[in-house]
Amino acid sequence: MPAVVDLAAMRDAMKRLGGDPKKINPLCPVDLVIDHSVQVDAAGTADAAQFNEQLEFTRNRERFQFLKWGSKAFDNFKIVPPGSGIVHQVNLEYLARVVFNRNGLLYPDSVVGTDSHTTMINGLGVAGWGVGGIEAEAVMLGQTISMVLPQVVGFKLTGDLTQGTTATDLVLTCVEMLRKRGVVGKFVEFYGPGVKNLSLADRATIANMAPEYGATMGYFPVDERTIEYLNLTGRDKG
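Residues numbered from 1 in each chain as written. Predicted model: local features only at pLDDT ≥ 70, side-chain atom pairs only at ≥ 80, totals over all residues. Heavy atoms only, no water.

(A) Structural detail: helix H4 (residues 87–95). Turning to H4, its buried residues number three or more, namely His88, Val90, Asn91, Leu92 and Leu95. Summarising the contacts, the buried residues of H4 are in contact with strand E1 (30–33), strand E2 (77–80), strand E5 (110–113), helix H7 (200–208) and helix H9 (224–232). (Buried < 20%, exposed > 50% of the residue type's maximum accessible area, 1.4 Å probe, protein only. Helix = DSSP H or I, 4+ residues; strand = E, 2+ residues; numbered from the N terminus. Contact = heavy atoms within 4.5 Å.)

Right under this line is the structure:
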């Protein structure tokens with residue numbers, strides 16, 4: 001929200017200086033997923049979700065109108081409206097491209113998000129992690145994020161989950177092992193024959209817990225599971 005306000009202020013300043021305000025745009029693709037006010041006015045009824053959502057639109061009308069203006073005014077800027085799901089789920093199911101195709105130039109997808117659990121997207125083979133709002137806004141305006149080249153820790157997966165064992169059991173085991181190993185500030189890359197036996201949802205669960213085991217991100221490779229998932233979500237033509 002503050003980033004959109006800043007962009008609007010820059011356009012206003014550009015106009016006062018006699019320049020073209022339309023030149024002020026994010027320099028890289030930006031997706032804003034509108035989260036929700038933590039407020040429940042109705043519960044336990046069939047229409048509770050719809051009722052609360054309508055109240056949210058009423059209470060935040062001015063805010064949402066401003067953001068809708070921003071989605072039309074700026075290039076490289078998309079807004080996902082309220083009621084679509086949590087930001088990481090939306091990114092995983094709709095926004096992430098894995099590979100960008102811009103006028104025939106192919107390059108890998110990456111993301112910085114303003115939330116520590118941005119790392120969920122690593123389950124899809126997209127490199128990404130959470131940063132602060134100021135860092136994210138700097139990226140929007142074409143600044144780079146610099147970091148010390150991280151150590152990469154390999155985590156070999158073998159076999160398959162036995163009957164009655166869930167992804168939660170697996171991820172808690174991984175968290176325990178990685179905390180003992182010490183991976184703060186490092187990249188963890190999951191590999192091995194067991195990777196192909198994990199669904200995309202299971203991979204995302206493990207990747208989402210990167211903040212819990214202290215790594216910058218827990219990455220899974222792009223493989224047939226990734227392609228299958230992109231097909232199922234209609235992004236195979238991306």
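There's more to say after this.
(B) Summary view of the packing of aromatic side chains. For the structure shown, the criterion picks out eight aromatic pairs. Centroid distance Phe57 to Phe64: 5.3 Å. Interplanar angle 65°. Geometry classified as edge-to-face. Using a relative accessible area of 9% as the deciding quantity, one classes Phe64 as buried. Relative to Phe190, the ring of Phe155 has its centre 5.2 Å away and its plane inclined at 45°; by these criteria the two rings are tilted. With a gap of 35 residues between them, Phe155 in strand E7 (residues 152–156) and Phe190 in strand E8 (residues 187–191) connect regions that are remote in the sequence. Like Phe190, Phe155 is buried. (Phe/Tyr/Trp six-rings, centres within 6.5 Å; stacked < 30°, edge-to-face > 60°.)

(C) Examining unusual backbone geometry more closely. You will see that Asn76, though not glycine, has its phi angle at about 60°, which is positive. Positionally, Asn76 belongs in the loop between helix H3 (61–73) and E2. Positive phi outside glycine occurs at Val98, with the angle close to 70°. Positionally, Val98 belongs in the loop between H4 and strand E3 (99–102).

(D) Structural view of the nonpolar core. The biggest cluster of nonpolar side chains holds 18 residues, and the ones touching the most others in it are Val188, Phe190, Ile206 and Tyr213. Among the elements that make up this core, the one with the highest residue count is helix H6 (residues 167–181) (five residues). For Tyr213, the contacting residues outside a window of four places in its chain are Val175, Leu178, Arg179, Val183, Val188, Phe190, Ile206, Ala207 and Gly218. (Core = buried A, V, L, I, M, F, W, Y, C linked by side-chain atoms within 4.5 Å.)

(E) The arrangement of the pattern of salt bridges in detail. On inspection of all chains with the given rule, the structure shows seven salt bridges. The partner of Glu176 in a salt bridge is Lys180, and the shortest N-O contact between them spans 3.8 Å. Residue Glu176 and its partner Lys180 are both found in helix H6; the two are separated by four residues, about one turn of the helix. A relative accessible area of 46% means that Glu176 is categorised as partly exposed. The partner of Asp223 in a salt bridge is Arg203, and the shortest N-O contact between them spans 2.9 Å. Linking Asp223 in the loop between strand E9 (217–219) and H9 with Arg203 in helix H7, this pair joins segments that are 20 residues apart in sequence. Residue Asp223 is classed as buried on the basis of its relative accessible area of 16%. (Salt bridge = Lys/Arg side-chain N within 4 Å of Asp/Glu carboxyl O.)

(F) Up close: helix H5 (residues 133–140). Where H5 is concerned, the buried positions are Ala136, Glu137, Val139 and Met140. Down the axis of H5, the smallest arc covering the buried residues is 155°, so these residues share one side. Looking at the packing, one finds that the buried side of H5 touches helix H1 (2–16), E1 and E5. Gly142, located one to two residues past H5, shows a positive phi value of around 95°. (Arc of directions from axis to C-beta.)

(G) Quick look at the side chain of Asn208. By secondary structure assignment, the location of Asn208 is in helix H7. Once residues lying within four places of it in the same chain are set aside, the contact partners of Asn208 are His117, Thr119 and Met120.

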